[in-house]
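# Structural features, examined
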Amino acid sequence: MALSLLSSSTRTCMRLNSYLHKGELTVLISLPRTASNKEWRNTGRRAVCGTGRVHATAQMNESTLKGTRKRRAHAPPVGNELERLRRVSIEGNIAVGKSTFAKLLHSVNKDWDVVPEPVGKWQNVGTSEKTASNLLDMMYRDPQRWSYTFQTFSCMSRMHTQLQPPATHLLGSGGTPVQVFERSVYSDRYIFALTLFELGSINATEWAVYQSWHSFLLEQFGQRLELEGIIYLKAPPQICLERLKRRDRDEEKGVKLDYLEKLHDQHENWLVNKSTELHFEQLKQVPVLVLDTSGNFEEDEKVKNNLISQVREFFSML
Ligand SMILES: Nc1ncnc2c1ncn2[C@@H]1O[C@H](COP(=O)(O)OP(=O)(O)O)[C@@H](O)[C@H]1O
Ligand SMILES: Nc1nc2c(ncn2[C@H]2C[C@H](O)[C@@H](COP(=O)(O)O)O2)c(=O)[nH]1
């Protein structure tokens, strides 16, 4: 296997991504991001500051290629395109308007690509139509039995989502492409799993097991799962309940105000009060944009434009 370095750096390598394109394996090695959020703001440096990259190309034989092709169907994001890419999650209570807001962002700028929360996967678990089960429904009907199982599946599907290479149209864009994820592996733990543990739907053993594999996997994937920013959509739980009722999803018919209040407090503790105990150093540094989405941004142009301009400014700072 021939290996050639396209550029190099003397610093320790912390991140390794590989992309297969036209028979060539591109290995992208990135160095750790060292600057804190505050340093970025003060110096005007971009989110990739402190990050050097080494590109290595290796020729592979055909049998290795076949296996790798199956794993990665997309063309590789290479060079500057990946360096410019920002990854941001939209967080917020159930029915606060995350999907609606994400679609709005994409309609404003095609370089802002939305990666939806994989709710469909949770509603349809199984290999065939006959054996498929609706795990979201099972979790709401019998939380003590199914919450832990739900969190294993939701977290795994979120990891899958966050590890997807960016859409190809983002790579040729001249601007700053952003992958916008609806929720993240972090809200899986610090919002839902934690809440379900505190409510007694996940027992102490399950919580310990969840935390153990969650920490292990996130450490293994390293920077590939990290975010450059978080947008927190915030509205009073009562408003979320009204929107949830209007959306009228079958599985959510039993959702009560006190559950939304608990989730609201959990978001506040993590993203505003910063009192949630976090286990990932990089996550503690991630800039958070808090947007009040109590107003109807779908219908009120002024509200909509104000939110968009805040997002634009936030992205330009990352
Ligand atoms: N700012 C808003 N004002 C009024 N209704 C909204 C707003 N945002 C979303 N909605 C409505 O609330 C419901 C839930 O929105 P959705 O985007 O599905 O929430 P989420 O993705 O956060 O669960 C939908 O019926 C949507 O049309
Ligand atoms: N127990 C959990 N429930 C979750 C999780 N992520 C989402 N959900 C639920 C909440 C909603 O009923 C539905 C979709 O969420 P939206 O806020 O996008 O409407 O799924 C989770 O990690 N655990």
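Nothing here was measured: the structure is a model prediction, and the numbers come from that model.

## Observations regarding the nonpolar core
The biggest cluster of nonpolar side chains holds 60 residues, and the ones touching the most others in it are Phe101, Tyr186, Ile231, Trp270, Leu283, Val311 and Phe315. Per element, the largest residue contribution to this core is 8 residues, and it comes from helix α9 (residues 185-198). When neighbours within four sequence positions are excluded, Trp270 is seen to be in contact with Glu91, Tyr186, Ser187, Tyr190, Ile191, Ile230, Thr276, Leu278 and Leu283. Counting residues in each nonpolar core, the second largest holds 6 residues, with Val119, Trp122, Leu136 and Phe150 among its members.

## Some points on the UniProt feature "domain: Deoxynucleoside kinase" (unreviewed entry) in the protein
Here, the residues flagged by UniProt with the feature "domain: Deoxynucleoside kinase" (unreviewed entry) are residues 88-315. Taken end to end, residues 88-315 comprises 56% helix and 11% strand; its first and last C-alpha atoms sit 9 Å apart.

## Things to note about the site of ligand 2
Around ligand 2 sit 20 residues in total, of which Glu117, Tyr140, Gln151, Arg158 and Glu252 are the nearest. Gln151 places a side-chain nitrogen or oxygen 2.6 Å from a nitrogen atom of ligand 2. Measuring from an oxygen atom of ligand 2, one finds a side-chain N or O atom of Arg247 at 3.0 Å. For ligand 2, whose free accessible area comes to 490 Å², the fraction covered by protein is 99%. More than half of the atoms belonging to ligand 2 lie within 2 Å of the grid points that define the largest pocket. Going through the elements one at a time, α5 (119-123), α6 (135-141), α7 (143-163) and α9 are the ones with two or more residues in the shell around ligand 2.

## Focus: the packing of aromatic side chains
By the definition in use, this model includes 9 aromatic pairs. Look at Phe101 and Phe297: their rings are 5.4 Å apart centre to centre, the planes differ by 75 degrees, and that puts the pair in the edge-to-face class. Highlighted residues: Phe101 in helix α4 (residues 98-108) and Phe297 in the loop between β9 (288-292) and α14 (301-317), separated in sequence by 196 residues. The class for Phe101 is buried, based on a relative accessible area of 0%. An aromatic cluster of three or more residues is present, and its members are Phe197, Trp207, Tyr210 and Trp213.

## Remarks on the environment of Phe280
Counting through the fold element by element, Phe280 comes out in the loop between α12 (257-272) and α13 (281-285). Separated by 95 residues in sequence, Phe280 and Val185 place their C-alpha atoms 12 Å apart. The residues touching Phe280, leaving out its near neighbours within four places in the chain, are Tyr186, Arg189, Tyr190, His214, Ser215 and Leu218.

## Things to note about the side chain of His267
Note that His267 resides in helix α12. Those residues in contact with His267, other than ones at most four positions away along the chain, are Glu91, Gly92, Asn93, Ile191, Tyr232 and Val272.

## Digging into the site of ligand 1
Around ligand 1, the surrounding shell holds 15 residues, and the nearest of these are Gly97, Lys98, Ser99, Thr100 and Arg247. Gly295 is positioned with one of its backbone polar atoms (N or O) 2.9 Å from a nitrogen atom of ligand 1. Separating a nitrogen atom of ligand 1 from a backbone N or O atom of Phe297 is a distance of 3.5 Å. The protein chains hide 86% of the 560 Å² of surface that ligand 1 would expose on its own. Judged by the proximity of its atoms to the pocket grid, ligand 1 belongs to the largest pocket.

## Focus on the sheet that holds strand β8 (residues 229-234)
The sheet built from 5 strands is open, its strands ordered β6-β7-β5-β8-β9 with parallel pairing. Looking along the sheet, the strands with just one partner apiece sit at the ends: β6 (112-115) and β9. Across this sheet, the average inter-strand angle for adjacent strands is 25 degrees, counted without regard to direction. The pairing of strand β5 (residues 86-92) with β8 spans 5 bridges and is parallel. Bridge pairing in β8 links Ile90 to Ile231.

## What to know about α9
Taking 1.5 Å as the rise per residue, α9 with 14 residues should run 20 Å; its terminal C-alpha atoms sit 19 Å apart, in good agreement. Residues Val185, Tyr186, Ser187, Asp188, Arg189, Tyr190, Ile191, Phe192, Ala193, Leu194, Thr195 and Leu196 constitute the buried set of α9. On the buried face of α9, the contacting elements are β5, α7, α10 (204-221), α12 and α13. In the stretch just after α9, Gly200 is the one whose phi turns positive, near 90 degrees.

The rules behind each value
Residues numbered from 1 in each chain as written. Chains lettered and ligands numbered in written order. Predicted model: local features only at pLDDT ≥ 70, side-chain atom pairs only at ≥ 80, totals over all residues. Heavy atoms only, no water. Core = buried A, V, L, I, M, F, W, Y, C linked by side-chain atoms within 4.5 Å. Buried < 20%, exposed > 50% of the residue type's maximum accessible area, 1.4 Å probe, protein only. Helix = DSSP H or I, 4+ residues; strand = E, 2+ residues; numbered from the N terminus. Contact = heavy atoms within 4.5 Å. UniProt positions renumbered as here; feature names shortened; annotations may be inferred. Near = heavy atom within 4 Å. Polar contact = N/O pair within 3.5 Å; in protein donor to acceptor, adjacent residues only side chain to side chain. Areas by Shrake-Rupley, 256 points an atom, 1.4 Å probe, with all protein chains shown as cover. 1 Å grid on protein atoms, 1.4 Å probe; cavity = no way out; pocket = protein on both sides within 12 Å on 5 of 7 lines; lining within 4 Å. Sits in = over half its atoms within 2 Å of the grid points. Phe/Tyr/Trp six-rings, centres within 6.5 Å; stacked < 30°, edge-to-face > 60°. Pairing = 2+ DSSP bridges. Axes fitted to C-alpha atoms, helices over the stretch in contact; angles between N-to-C directions. Expected span 1.5 Å × (residues − 1).

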